[in-house]
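# Structural description and commentary
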Amino acid sequence: MPSHQDLANAVRFLAVDGVEKAKSGHPGMPMGMADVATVLFTRFLKYDAADPAWPDRDRFVLSAGHGSMLLYALLHLIGTPGVTIDELKNFRQLHSKTAGHPEFGHCPGVETTTGPLGQGLANAVGMALAERMMAARFGDDIVDHRTYVIAGDGCLMEGISQEVISIAGHLKLSKLIVLWDDNSICIDGDTALTTSDDQLGRFAASGWATCRVDGHDAEAVAKALAAAQHSNRPSLIACKTIIGYGAPTKAGSEKTHGAPLGPDEIAGMREKLGWPHAPFEIPAAIADGWRTAGRRGKDARDAWAKRHATMDSAKKSAFDRVLSGVLPKQMDAAMGAFKAKLIADKPKLATRKASQDALEVLTPVVPEMIGGSADLTHSNLTHTKVTLPIKPGDFAGRYIHFGVREFAMSAIMNGLALHGGFIPYGGTFLVFSDYMRNGMRMSALMGLRVIYVLTHDSIGLGEDGPTHQPIEHVASLRAIPNLTVFRPADAVETAECWQLALENVSGPSVLALSRQNLPTVRTDAEVNKSARGAYVLAEAANGSRQITIISTGSEVEIALKARDLLAAEGVRAAVVSMPSWELFDRQPEAYRAEVLGVAGHRVAVEALSPFGWERYVGVSDAIIAMPGFGASAPADKLYPHFGITAEAVAAKARKFAIK
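Residues numbered from 1 in each chain as written. Predicted model: local features only at pLDDT ≥ 70, side-chain atom pairs only at ≥ 80, totals over all residues. Heavy atoms only, no water.

### Digging into helix α13 (residues 313–324)
We apply this condition: What counts as a helix is a DSSP run of H or I of at least four residues, what counts as a strand is a run of E of at least two, and both are numbered from the N terminus. Expected helix span is taken as 1.5 Å per residue step, with the number of steps being one fewer than the number of residues. In protein, a polar contact requires one atom able to donate a hydrogen and another able to accept it; more generally it is a pair of N or O atoms within 3.5 Å, and residues adjacent in sequence count only if both atoms are side-chain atoms.
An ideal rise of 1.5 Å per residue puts 16 Å on 12 residues; α13 measures up with 16 Å between its terminal C-alpha atoms. By the N-cap criterion, in which a side-chain oxygen at the helix start approaches the backbone nitrogen of a residue two or three places on, α13 is capped by Asp312, the distance to Ala314 being 3.2 Å. Phi for Gly325, located one or two positions after α13, is positive at around 85 degrees.

Structure (structure tokens):
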């Protein structure tokens, strides 16, 4: 068996060679953490390289995603299918699997997309939580794995780190082990320029087990990992390392962080570390040693497969279904009956309450739904009778009290979705989506089924005033690729949008929901009309339409009142409800033209920013929207104050109507 040093140097030099060939990348961290990663992958990590998606594998998250060549080198060396030496040679090149930062779904063996510092650590908290929740449902003989993280100084500087280590410590996620690359270097230089935190003290204060080791002492690292595996708390192992380890003149310097070392430095490094091999060349004995490590989990996987095969049939069916992401068949019938009742009852509800009513129907029949809120449960109305709270030591529940930690909520939900087995949804006020925006962006980038319940969606929230009244938020969320934004007009549309969000397996969804009560405007529910993004809610009476009024959410009621005012004057107006721009934009051109009516004869009303509405109505003068920030007053005073009324819409419609 090759020595530890030989195995670690194989990682180092593949990383260095990949960055050098690309003329771009971050060699310093892989060079410094190669010893730690080698101990983890050859002695502790439970995985089988032949099956990177084995459900009971340990998860490994490279939170310091800039050091991606560390991960790619490891995945190649252990024999992960598809991660070939040619892929390493094509590091950071178009269409290669080895992107600049690790990308989930793009490269086998990558558990999450990392790069925005701190979020990998947060995703790992979600994965560790998911493991405990799945074990509570299906048993430790089927779900029993750990989550390991390599995090850097930057990850721990980011504010999200405090949010998530606090939650992890509170929940006592003992199968979460973080290896901190404690190299005292950031891009600007020594971390002493930036911070003097006692990181071990910080983690300990949040309920973590902590220790410090020499990150280049393999046995010390192994001893710390062994102890962490038996802890009853999450563990932080501070690994004191030298960034750029082995570089003759640049080791320990920020100069190794984000740039190739250069030919001369690499030549000196080969001599210093006794590695005479050509770029990307791994001696057969060392390669065999790594491939042996890659197979070390085969027996565990085979044993797990036998246990899985002999599970109780109902439990096995449920386990396989939730991991596949397929929704239960009974959901459609339950939602059909619920929508029929809404049509019959015609409730006047805030869409946040309509959302809770939909959840009361959905959560009993879709047990993989996991709810939560950032300390706004009774405002967001995200809890139901069957979603009991998750508590320290009790993971059978289905509701996470995230506390006032919006960013953590988004990233932990991403981790839950990445792990598999759950569909997470979490609530906060729409205005606070800013706190978790990058987590939402990562949901979209990774194509995760995560649902954001964002209530109090306009000036309609009233007296809390402009600090809490979202204006630009929906427009900014609509700008995120692969994020589907829903702003339903009534209880029927809310139910439809919930069903669409659950059926969306390729990306996250937002439900923007009102605080104020809204009437039921739909008169039928046989077809999910929201699925097309927009539809004609009320066609013009007595002839072809002269004007189309387009609206979303709470302003659809205003649009309908404006239509009535216009009808009394003989102006034929149609009202279009547009709960989702994204879904509407995907429709065939002919359908879009039919819904929108004649170009130049359309107006839009939304009590939010006007940004973007020109794409549907042509000119900014045809938009009735908020001119700036809101104000503190009751909602029924704010709408007239800002000119968002049926009378104002009717006046605008007259101007643009076909004469």
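### A look at empty space enclosed by the protein
We count it as follows: Using only the protein atoms, space was sampled on a 1 Å grid; points where a 1.4 Å probe fits but cannot get out form cavities, open sets with protein on both sides within 12 Å along at least five of seven lines form pockets, and lining residues are those with an atom within 4 Å of a point. Grid points are joined across faces, edges and corners, and a volume is the space filled by probe spheres set on the points. Three categories are distinguished: nonpolar for Ala, Val, Leu, Ile, Met, Phe, Trp, Tyr, Cys and Pro, charged for Asp, Glu, Lys and Arg, and polar for the others, with Gly belonging to the last.
Under the criterion given, the structure shown has 3 cavities of 30 Å³ or more. Reported here for the largest cavity is a volume of approximately 170 Å³. Lining the largest cavity we find 16 residues, and of these Tyr47, Leu75, Ile78, Gly109 and Glu111 sit closest to its centre. When residues of the lining of the largest cavity are assigned to their parent elements, the largest contribution, 3 residues, is made by helix α3 (residues 68–78). Its residues assigned to classes, the lining of the largest cavity shows 9 nonpolar, 2 polar and 5 charged.

### As for the nonpolar core
Filter applied, for reference: Definition of nonpolar core: a set of buried residues of the types Ala, Val, Leu, Ile, Met, Phe, Trp, Tyr and Cys, connected through side-chain atoms within 4.5 Å. Relative accessible area decides the class of each residue, using a 1.4 Å probe on protein chains only: under 20% of the type maximum gives buried, over 50% gives exposed, and in between gives partly exposed. Between two residues, a contact is recorded if the distance between any of their heavy atoms is within 4.5 Å.
Counting 73 residues, the largest nonpolar core has Leu129, Val164, Leu173, Leu176 and Leu477 as its most contacted members. Considering each element in turn, this core owes the most residues, 12 residues, to helix α5 (residues 119–138). Leave out the neighbours within four places in its chain, and Leu176 touches Ala124, Val125, Ala128, Thr147, Val149, Ala168, Trp208, Pro234 and Ser235. Membership of the second largest hydrophobic core comes to 65 residues, among which are Ala10, Leu14, Met33 and Ala73.

### Here's the deal with the pairing of strand β9 (residues 369–373)
Stated precisely, the cut-off is as follows: Any two strands with at least two DSSP-identified bridges between them are counted as paired.
With 5 of 5 residues buried, β9 lies mostly within the body of the structure. Because side chains alternate across β9, one face comprises the buried residues Met369, Gly371 and Ser373, and the other comprises Ile370 and Gly372, equally buried. Sheet topology places β9 next to strand β11 (residues 423–429); 3 bridges connect them, and they run parallel. Bridged to Ser373 within β11 is Gly427. Sheet analysis places β9 next to strand β10 (residues 399–401), joined by 3 bridges and oriented parallel. Paired with Gly372 across the bridge in β10 is Ile400.

### Here we look at the sheet that holds strand β12 (residues 451–455)
In plain terms, the rule: Helix axes are fitted only over the stretch in contact, all axes being lines through C-alpha atoms; the angle between N-to-C directions runs from 0 to 180 degrees.
Strand order in this open sheet of 6 strands is β10-β9-β11-β12-β14-β13, and the pairing throughout is parallel. Strands at the two margins of the open sheet, each flanked by one partner only, are β10 and β13 (484–486). Ignoring strand direction, the axes of neighbouring strands in this sheet form an average angle of 20 degrees. Here helix α20 (residues 491–503) sits on the sheet and contacts β9, β11, β12, β13 and β14 (509–513); the angle it forms with β14, its principal contact strand, is near 165 degrees.

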